[in-house]
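# Residue-level structural notes
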Amino acid sequence: MELNVYKEFASILSDVEYLVGRNEFEIFRFDSEKNPRDYNFKWNPVFSNLSKAVIANPLRPTTLDKNFSCKLCPKKLGAIRNFTHRGTKPILVLHYTSEFRKGQPALTKSNPNLTLRTRESEDLFDRLIKKVFGFSSKEFYFQEYPACSFNHNGSSLDDWKERMNACDTHVKDTIQSHGIKAVILMGSAAVLRLGADEAKNRTGKIEPLSFGELELPALVIRSPEGVFSLEEKRKKLESNKTSDTYKQAKKEEDEVKLSLVEHLTELKTRLGIN
């Protein structure tokens, strides 16, 4: 219990540091609190001609950071920084950079300015998108799904299901606000939304997916982190390229990358994106 309190306190301090650095404070007051403007602080002015203090309008949560003030999931440990990335092409990539598997160490982005977990996974995904679409992956919209971190070791499947349903609110906002035409659901986000078996069965397929009353085509793919791990596995075996182990690792990597190219090419063709 004590350890959880320290973790939550560290998360709060981290969030405060982030908000102070951006000069953004997401919550003006909670519903149960008295309006700060209703407090009357008496003071004796030194000079009678001092102008009256003007209280500025409270800062509101921005579209990019509204997960900080979101109260739909009461057990969240903290909001994920920069949980959305705004692109120019009508494709939304739903992913999750935190951990959900019990027994695994907690995960965070190696740099809060990254979109995916690591620079390596971002570079790999960017290479893939450039190969298929001819432009940078940053032209896509990205969104954390769910948008916050949780105690994954103390979370049940029902907990995750409720969180994904709640986070559909933010996904719907992005879809409607930016005219999204299709979704790429990858890695952890796919497993949490669909379940492990269905996510595996839908991998590589473009099928309808509903977010509330909205429905649009969705492609399920492996995460860039998973593909990068295959690259790393093959590279570690390069000292003996004639070995069966190396050949098998290279074959697995090539097959996964080729299938990703094929699936993304199909999505590009269906949407007519240039």
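Please read all numbers here as calculations on a predicted model, not as lab measurements.

Another aspect to go through is the side chain of Arg 202. Counting through the fold element by element, Arg 202 comes out in helix α5 (residues 196–202). In this structure Arg 202 comes out as buried when scored by relative accessible area, which is 8%. Excluding residues that lie within four positions of it along the chain, Arg 202 makes contacts with Leu 194, Glu 207, Pro 208, Leu 209, Ala 218 and Val 220.

Another aspect to go through is the packing of helix α2 (residues 119–133) against helix α7 (residues 244–271). The geometry of α2 relative to α7 is characterised by a closest axis approach of 9 Å and an angle of 50 degrees between their N-to-C directions. Considering their axes alone, α2 and α7 lie oblique with respect to each other. Between α2 and α7 the crossing geometry is right-handed. Contacts between α2 and α7 involve Arg 127, Leu 128, Ile 129, Lys 131, Val 132 and Phe 133 from the first element and Lys 257, Leu 260, Val 261, Leu 264, Thr 265 and Lys 268 from the second.

Further remarks concern the pattern of salt bridges. Counted according to the given criterion, the structure contains 17 salt bridges. Close ionic contact of Arg 127 with Glu 231 constitutes a salt bridge, the shortest N to O distance being 2.6 Å. You can see Arg 127 sitting in helix α2 and its partner Glu 231 sitting in helix α6 (residues 224–236), a full 104 residues away along the chain. Of the residues examined, Arg 127 reaches a relative accessible area of 44% and is grouped as partly exposed. According to the relative accessible area criterion, Glu 231 is buried, its value standing at 5%. Taking the shortest distance from any N to any O, the salt bridge between Glu 253 and Lys 257 comes out at 2.8 Å. Of this pair, Glu 253 and Lys 257 both sit in helix α7, 4 residues apart, which is roughly one turn of the helix. The class of Glu 253 is buried, set by a relative accessible area of 2%. Each of Arg 127, Glu 231, Arg 234, Glu 238, Glu 253 and Lys 257 takes part in salt bridges that share partners, so that together they form one network.

Basis of the calculations
- Residues numbered from 1 in each chain as written.
- Predicted model: local features only at pLDDT ≥ 70, side-chain atom pairs only at ≥ 80, totals over all residues.
- Heavy atoms only, no water.
- Helix = DSSP H or I, 4+ residues; strand = E, 2+ residues; numbered from the N terminus.
- Buried < 20%, exposed > 50% of the residue type's maximum accessible area, 1.4 Å probe, protein only.
- Contact = heavy atoms within 4.5 Å.
- Axes fitted to C-alpha atoms, helices over the stretch in contact; angles between N-to-C directions.
- Parallel < 35°, antiparallel > 145°, perpendicular 65-115°, else oblique.
- Left-handed = near helix turned anticlockwise from the far one by under 90°.
- Salt bridge = Lys/Arg side-chain N within 4 Å of Asp/Glu carboxyl O.

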